[in-house]
Protein chains: 2
Amino acid sequence: MSAEVVPLPRKRPTLDPMLALTAPGMNSVNAVILDRMQSEIPLIPALAGHLISGGGKRLRPMLTLAGAELVGYTGNRHHKLAAAVEFIHTATLLHDDVVDGSDLRRGKAAANIIFGNPATVLVGDYLFSRAFELMTEDGSLKVLKILSGASAIIAEGEVDQLTAQRQIETSEERYLNIIGAKTAALFAAASRISAVVAECDDAQERALDEYGRNLGVAFQLVDDAIDYDSEAAEMGKDQGDDFREGKMTLPVILAYSRGTEAERKFWKAAISGTQSDDAALQEAIALIAKYDGVETTRERAQHFAHRAIDAISIFPDSTARQAMAEAAHFAVARGY
Amino acid sequence: MSAEVVPLPRKRPTLDPMLALTAPGMNSVNAVILDRMQSEIPLIPALAGHLISGGGKRLRPMLTLAGAELVGYTGNRHHKLAAAVEFIHTATLLHDDVVDGSDLRRGKAAANIIFGNPATVLVGDYLFSRAFELMTEDGSLKVLKILSGASAIIAEGEVDQLTAQRQIETSEERYLNIIGAKTAALFAAASRISAVVAECDDAQERALDEYGRNLGVAFQLVDDAIDYDSEAAEMGKDQGDDFREGKMTLPVILAYSRGTEAERKFWKAAISGTQSDDAALQEAIALIAKYDGVETTRERAQHFAHRAIDAISIFPDSTARQAMAEAAHFAVARGY
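Residues numbered from 1 in each chain as written. Chains lettered and ligands numbered in written order. Predicted model: local features only at pLDDT ≥ 70, side-chain atom pairs only at ≥ 80, totals over all residues. Heavy atoms only, no water.

Going by the annotation in an unreviewed UniProt entry, the name recorded for chain A is Octaprenyl diphosphate synthase, with Pontixanthobacter aquaemixtae given as the source organism. Taken directly from UniProt, the Catalytic activity (unreviewed entry) text for chain A runs: "5 isopentenyl diphosphate + (2E,6E)-farnesyl diphosphate = all-trans-octaprenyl diphosphate + 5 diphosphate". (UniProt positions renumbered as here; feature names shortened; annotations may be inferred.)

Here it is as structure tokens:
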């Protein structure tokens, strides 16, 4: 990692201001989450709780709360809606674990390993249904439209990612479309609905959507970079997961397009799965380093982080805006 | 099957009056289904279409249309909502195929066999999201509440069924709770929402809910009976699926509770999976026949079919009411 390429603020950016901003609201959101993941069927809270209490950052509901602070919303409707957002996210994580056949999630055994694929799929469905119950209780058709639309787009993005898997010819454009759908759509929706409950004007609603969307892309880019960054282990996920699954992410796309003919042969074998053992992973990490794949991916993330920050510049300066801006810097810098 | 135990109407009951009643509306519903299962990601309509065009009876949307006829609703809001109901059902079927590891569905290769578990899970999620988009477009929070609630209950029922799997001590009571959740809740909701769009009074809404709920229980009971009825092959599903999966259904519960100690030993081994080969399946079918397990299950179904018919007796007699009553008789008699 070169400080020239990705100039960090003097003080390393953290999520702390965002955490401080949203802490009181997050207590309410967490109470809703705990209450609504219950069921008379004991396996449901056991399985849901494994993931929900598994140390996720709860970034998405945090975006809803931060947006509400930014626009000066003083009600509490957004607590239920933020919980709904987290349920949608949790449902997709559970289904992802089944789809990817993951062993680890956030450094712990994935739910499907402990509880099996069948229960993991069904509890995902349960949480998804609960999310829509929460939204329906709130009663905003606009919020329902935003979040049902985002859910459909997430599923489309996941299917598209599946189609691109093991396809070495995947372009950066297509990759950006995939992460825009599978990750950024929910960030955008989570952020946007704060403007909806606060009855902001269209421009403010769009601004919060764009903040979330660009932040989501930045986060996913850096997530994908970390999987090939030997210095990073922050994510608690098995490093090399993406590689073994033949998932096409930007560091690979860059190293492939910048590589020699011989190197491209290696990538074809690796991504197709014919050569993806630990030695191949080390070779992949070395080739990505050779072509600055991790740094370039962070540069791209920086671009989206700046767009996120500019999107909310229409709002007056405030503690909330500063916290949200630092969260965008953090998205780029984390894992260093 | 003994005609004494389950007295059938002189003419064998069919679904034909129900099909005739709902045919015009079903054309509109099918158009919505085809339109809304599309996506720019080609795998989505390919996979969804495999199941959707796979010859299902589309009973659930038919209930919404029949209910609308019964109460004299003349609008067209229920077409989108009936499509949403079918999408929820299709999503659960796709996820069920993954959960059960099914090879066949409606006599064809199951989606997961052709497209793999990952895509099958994700396309289920897509259809589920689309269902909520359709409901949101309609804009009735009451319908959203009914269908999001039903979806959560379906997932709970499926998890409960999973928990009861391979548990020979499962009671009839628990079994009825499971099918009430996993099957009847959506039948009830599909039927009920016709009264909601038609702005019926509470009693009429409840009547349609009860019609659907009891019909759903009757259908599921007979479905479960057919899996052990050597004379029946109407369902196009692998006979013996429930047996091999150690699923606890009423014919097994009855044969176990009515059986000798030696027979109970057999059932324990069979349901636990230690002895569930084809010879064991034949033995199971013979034991269920010995204790009238299939006939008794149909008798139970008959009880629920009668309750369904009585529930709609508050409405004046009409072609719609007669068609719905015959559908309830059909639920009991089919597979003969």
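We are not done yet, so read on.
Engineer: Help me understand the packing of helix α9 (residues 202-226) of chain A against helix α15 (residues 319-333) of chain A, please; the structure alone is not making it clear to me.
Structural biologist: A pair of packed helices is characterised by two quantities: the angle between their axes and the separation of those axes. All names here are of chain A. Packing of α9 against α15 leaves a shortest axis separation of 8 Å and a crossing angle of 20 degrees. In this view, α9 runs roughly parallel relative to α15, as classed from their interaxial angle. In this structure, α9 meets α15 at a crossing whose hand is left-handed. The residues of α15 that touch α9, namely those facing Leu208, Tyr211, Leu215, Ala218, Phe219 and Val222, are Met324, Ala327, Ala328, Phe330, Ala331 and Val332. (Axes fitted to C-alpha atoms, helices over the stretch in contact; angles between N-to-C directions. Helix = DSSP H or I, 4+ residues; strand = E, 2+ residues; numbered from the N terminus. Parallel < 35°, antiparallel > 145°, perpendicular 65-115°, else oblique. Left-handed = near helix turned anticlockwise from the far one by under 90°. Contact = heavy atoms within 4.5 Å.)

Engineer: Is there a simple way to explain the relation of the copies chain B and chain A in this structure?
Structural biologist: Two copies of the chain are present, and they differ by a rotation about an axis and a shift along that axis. Once chain B is rotated about the relating axis by 180 degrees and shifted along it by 0.0 Å, it coincides with chain A to within an RMSD of 0.0 Å. Such a combination of turn and shift is consistent with a two-fold rotation axis. Here 100% of the contact residues of chain B are again contact residues in chain A; the copies associate through an equivalent surface. (Least-squares fit on C-alpha atoms with pLDDT ≥ 70 in both.)

Engineer: When you look at the packing of aromatic side chains in this model, what are you seeing that I'm missing?
Structural biologist: Residues and elements named next belong to chain B. Throughout the structure, instances matching the rule amount to 12 aromatic pairs over all chains. Centre to centre, the rings of Phe128 and Phe132 are 5.3 Å apart; their planes meet at 75 degrees, and the pair counts as edge-to-face. You can see Phe128 and its partner Phe132 sitting in helix α6 (residues 117-138), 4 residues apart, about one turn around the helix. An angle of 65 degrees between the planes, with centres 5.3 Å apart, marks the rings of Phe266 and Trp267 as edge-to-face. Note on Phe266: relative accessible area 10%, which makes it buried. (Phe/Tyr/Trp six-rings, centres within 6.5 Å; stacked < 30°, edge-to-face > 60°. Buried < 20%, exposed > 50% of the residue type's maximum accessible area, 1.4 Å probe, protein only.)

Engineer: It is not clear to me how the packing of helix α11 (residues 250-258) of chain A against helix α12 (residues 261-272) of chain A should be interpreted in this structure. Could you clarify?
Structural biologist: Residue and element names in this part refer to chain A. Contact geometry for α11 and α12: axes closest at 8 Å, N-to-C directions at 145 degrees. Regarding α11 and α12, the two cross each other, and that crossing is left-handed. Packed against α11, whose contacting residues are Val252, Ala255, Tyr256 and Ser257, the element α12 presents Arg264, Trp267, Lys268 and Ile271 at the interface. Among the residues making up the contact of α11 with α12, the classes are represented as 5 nonpolar, 1 polar and 2 charged. (Nonpolar A, V, L, I, M, F, W, Y, C, P; charged D, E, K, R; others polar.)

Engineer: Mind showing me how you'd approach the interface of chain B and chain A here?
Structural biologist: One widely used convention gives an interface's size as the accessible area the parts lose upon coming together. Facing the 36 residues of chain B at the interface are 36 residues of chain A. With both chains or domains summed, chain B and chain A bury close to 3,200 Å², and 78% of this area falls on carbon and sulfur atoms. Ranking the residues of chain B by area buried against chain A places Leu122, Glu156 and Val159 of chain B at the top, with a combined share of 18%. Where chain B touches chain A, the interface holds 0 salt bridges. Connecting chain B to chain A are 8 residue pairs in polar contact (both at pLDDT 80 or more). Listed by contribution, the elements that provide at least two residues to the side of chain B that touches chain A are α2 (43-52), α4 (77-100), α6 and α7 (141-164) of chain B. Considering every element that reaches the side of chain B that touches chain A, the biggest residue donor is α7 of chain B, with 14 residues. (Buried area = accessible area lost by both parts, 1.4 Å probe. Salt bridge = Lys/Arg side-chain N within 4 Å of Asp/Glu carboxyl O. Polar contact = N/O pair within 3.5 Å; in protein donor to acceptor, adjacent residues only side chain to side chain.)

Engineer: For this particular structure, what's the right way to read α11 of chain A?
Structural biologist: Spacing of three or four residues puts side chains on the same side of an α-helix, whose turn is 3.6 residues. Residues and elements named next belong to chain A. Counting buried positions along α11 yields 7 of 9 residues, so the element is predominantly enclosed. All of the buried residues along α11 are Leu250, Pro251, Val252, Ile253, Leu254, Ala255 and Tyr256. Where α11 is buried, its residues meet α8 (172-197), α9, α12, α13 (278-290) and α14 (293-311).

Engineer: Got a minute to help me understand the nonpolar core in this structure?
Structural biologist: Where a protein is soluble and globular, its nonpolar side chains tend to be buried together. Residues Met135 and Trp267 of chain A together with Met135 and Trp267 of chain B are the most contacted members of the largest nonpolar core, which totals 228 residues. Excluding residues that lie within four positions of it along the chain, Trp267 of chain B makes contacts with Ile168, Phe243, Val252, Ala255, Tyr256, Ser272, Ala284, Leu287 and Ile288 of chain B. (Core = buried A, V, L, I, M, F, W, Y, C linked by side-chain atoms within 4.5 Å.)

Engineer: Explain the side chain of Gln220 of chain B to me, please; I cannot follow it from the model alone.
Structural biologist: Within the secondary structure, Gln220 of chain B sits in helix α9 (residues 202-226). When residues no more than four places from it in sequence are discounted, the contact partners of Gln220 of chain B are Tyr175, Ile179, Lys182 and Thr183 of chain B.

Engineer: Mind showing me how you'd approach the environment of Ile114 of chain B here?
Structural biologist: Residue and element names in this part refer to chain B. Position of Ile114 among the secondary structure elements: in helix α5 (residues 111-115). Take Ile114: its relative accessible area is 45%, and that puts it in the partly exposed class. Each C-alpha atom, one on Ile114 and one on Asp103, is 9.5 Å from the other, the two residues being 11 residues apart in sequence. In contact with Ile114, other than residues within four places in its own chain, are His50 and Ala109.

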